[in-house]
Amino acid sequence: MHLDDILKLASEQDVSDIHLKVGSPPLFRRYGRLGPDDSLPALVAADMEAFVALLADAGQRERLQRDRQLDLGYSARDIGRFRVNVYHQRGELRLAMRLIPQRVRALDALHLPPVVEALAGESRGLVLVTGTTGSGKSTTLAAMIDQLNHREALHIVTVEDPIEYLHRDDRSMISQREVGVDVANFADGLRGALRQDPDVILIGEMRDLETIETAILSAETGHLVMSTLHTLDAPETVTRIIQAFPDHQRDQMRLVLSSVLKGIVSQRLVPRADGQGLVPAVEVLVNTALVREIIKDPTRSPRELTDALARGHVTYGTQTFDQSLMSLYRGGLITYDESLTQATNPDDFALQVRGVQSTSDGRWADFDRPATPADTSAEAGQPPGSGAFQRAPRAPEAAAPRATPAPRLVRRF
């Protein structure tokens, strides 16, 4: 059996992930569900060895023998590009492959909130896209880079393991560096990027303290830094970053993070009600004055961020996962049962669907109403639930022409 035949069949069936192991037909993950393709024969050890010989060169096979696992990229003619992990299980080779679409989709085609486009246009600071494996983080980051590539003349440096989406220069120059091929590790690649006159730096994943620290330093010195973390939501992301540092540095890093952070986009892919694919539920944090105060103060619970996001929906475009799920459910894109399964607070979500709302909980009030001219109260000094985020009404989308982004002429000073 030839590997490309398996990959072509998977691509034709709109499969996202392929798992290959000895003694089983190829297993395909389609719309979140994993199962074998019984039209194909079971694989044998010789098949797996042939696949690895095709995917990896001599140096990579040596690394596989040493490290017992290997990350790499593979391009199949007329099929697409794949992110590949080769690993051992009880001495046997296995492959996990993810299909990377050949075309980078635009942000507005990904069903993401409009505020994500604004975050991609920031001139400096730290923008994070988070979620579990397979939640679409790489796709969102690729769309953000693609937007910059078509709109502005920048030098965009990426450090990835492996390179996933391939970008072609348009208005910007894009330098894509692969860990293990072009650079030894993420931290070295990031340090090197600072000497390459970058405007935007994309880090495939912030895996360790050294990479996190260098990324924050890069954002602090005037670059726009984008990266990913494997965290479930915005509060957990903030906590993960701060707790990555030793105890004696955490108070300082709270101050630094509150200053450089621009936003966090957390994603979950949810099966569509019609069974024809997945749709993202998205939590969005924007670093407003209240969010900065919560991050800086170690006595405040990160979960206060959830309330801040919920109440900032009208003015800042922020939203929680439960608000995003509510929008998808009301729009008929997902089922009620799937909404409850994915909800952060299922009991509160169920009450809201039935129209029951606690008088002490204002998180849904602003989400369920349009902006009005009365939304003019100042943010500072207002207690939670008093309309602290309702400073200015948002104009209806249809009446607001899209502004042309101003060029960023001087960025690092």
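Computed from a prediction, not measured in an experiment: that's the story for all the values here.

1. Here's the deal with the nonpolar core
In terms of nonpolar packing, the biggest core is built from 36 residues, with L126, L128, I216, I241, L257, L261 and L285 touching the most fellow members. Beyond its immediate sequence surroundings of up to four residues, L285 is in contact with A234, L261, K262, G263, I264, V291, L305, L309 and T318. If you look at the next biggest cluster of nonpolar residues, it comprises 27 residues, including L3, I6, A10 and Y74.

2. Points about helix α3 (residues 58-67)
The opening residue of α3, the one whose side-chain oxygen lies 3.2 Å from the backbone nitrogen of G59, is D57. Looking one or two residues beyond α3, the residue adopting positive phi is R68, at roughly 70°.

3. Some thoughts on the sheet that holds strand β8 (residues 155-160)
Sheet architecture is open: 7 strands sit in the order β9-β8-β10-β11-β7-β12-β13, paired in mixed fashion. Among the strands making up the open sheet, the edge pair consists of β9 (173-178) and β13 (278-286). Neighbouring strand axes in the sheet, compared pairwise and without regard to direction, differ in orientation by 15° on average. The sheet contact formed by β8 and β9 spans 6 bridges and is parallel. Opposite H155, over in β9, you have M173 as the bridge partner. The strands that helix α8 (residues 234-243) touches are β7 (125-131), β11 (224-229), β12 (261-271) and β13; relative to β12, the one it contacts most, it runs at about 130°.

4. A short note on the environment of D108
Relative to the helices and strands, D108 is located in the loop between β6 (92-100) and α4 (114-120). Placed 35 residues apart in sequence, D108 and A143 show a C-alpha to C-alpha distance of 9.1 Å.

5. Examining unusual backbone geometry
Here the residue pair D161 and P162 is connected by a cis peptide bond, since its omega of -10° sits within 30 degrees of zero. Structurally, P162 is set in the loop between β8 and β9. Here the phi dihedral of Y31 falls at roughly 55°; this positive angle occurs in a residue that is not glycine. Structurally, the position occupied by Y31 is in the loop between β2 (27-30) and β3 (33-36).

6. Some remarks on the packing of helix α6 (residues 186-193) against helix α7 (residues 209-220)
Running from N to C, α6 and α7 cross one another at 15°; their axes reach a closest spacing of 9 Å. Classified by the angle their axes make, α6 and α7 are roughly parallel. In the crossing of α6 with α7, the sense of the turn from one axis to the other is left-handed. In this structure, α6 uses F186, A187, L190 and R191 to contact α7, whose residues at the interface are E210, T211, T214, A215 and S218.

7. Regarding the pattern of salt bridges
As enumerated under the stated definition, the model contains 14 salt bridges in all. The salt bridge partner of R191 is D188, with a shortest N-O separation of 2.2 Å. Taken together, the residues R191 and D188, both in helix α6 and 3 residues apart, mark about one turn of the helix. Measuring nitrogen to oxygen at the nearest pair gives 3.3 Å for the salt bridge that ties R240 to E236. On the criterion of helical spacing, the pair formed by R240 and E236 is a turn pair, its members being 4 residues apart in helix α8. Overall, the relative accessible area of 36% leaves R240 in the partly exposed class.

8. Details of the sheet that holds strand β4 (residues 69-76)
Read across the sheet, 6 strands follow the order β3-β2-β1-β6-β5-β4 without closing on themselves; strand pairing throughout is antiparallel. Two strands in the sheet have a free side with no partner beyond their single neighbour: β3 and β4. When the angles between neighbouring strand axes are averaged without regard to direction, this sheet yields 20°. As defined by bridge partners, strand β1 (residues 17-21) adjoins β6 across 5 bridges and the pair is classed as antiparallel. Along β6, the bridge assignment pairs I18 with M97. Against the sheet, helix α2 (residues 45-55) makes contact with β1, β4, β5 (80-89) and β6, and its axis sits at roughly 50° relative to β6, the strand it touches most.

9. Some remarks on the side chain of H155
Note that H155 resides in strand β8. On the basis of relative accessible area, H155 is assigned to the buried category, the value being 10%. With residues up to four places along the chain from it excluded, the contact list for H155 reads M173, S175, Q196, D197, P198, D199 and V200.

Rules behind the numbers
- Residues numbered from 1 in each chain as written.
- Predicted model: local features only at pLDDT ≥ 70, side-chain atom pairs only at ≥ 80, totals over all residues.
- Heavy atoms only, no water.
- Core = buried A, V, L, I, M, F, W, Y, C linked by side-chain atoms within 4.5 Å.
- Buried < 20%, exposed > 50% of the residue type's maximum accessible area, 1.4 Å probe, protein only.
- Contact = heavy atoms within 4.5 Å.
- Polar contact = N/O pair within 3.5 Å; in protein donor to acceptor, adjacent residues only side chain to side chain.
- Helix = DSSP H or I, 4+ residues; strand = E, 2+ residues; numbered from the N terminus.
- Pairing = 2+ DSSP bridges.
- Axes fitted to C-alpha atoms, helices over the stretch in contact; angles between N-to-C directions.
- Parallel < 35°, antiparallel > 145°, perpendicular 65-115°, else oblique.
- Left-handed = near helix turned anticlockwise from the far one by under 90°.
- Salt bridge = Lys/Arg side-chain N within 4 Å of Asp/Glu carboxyl O.

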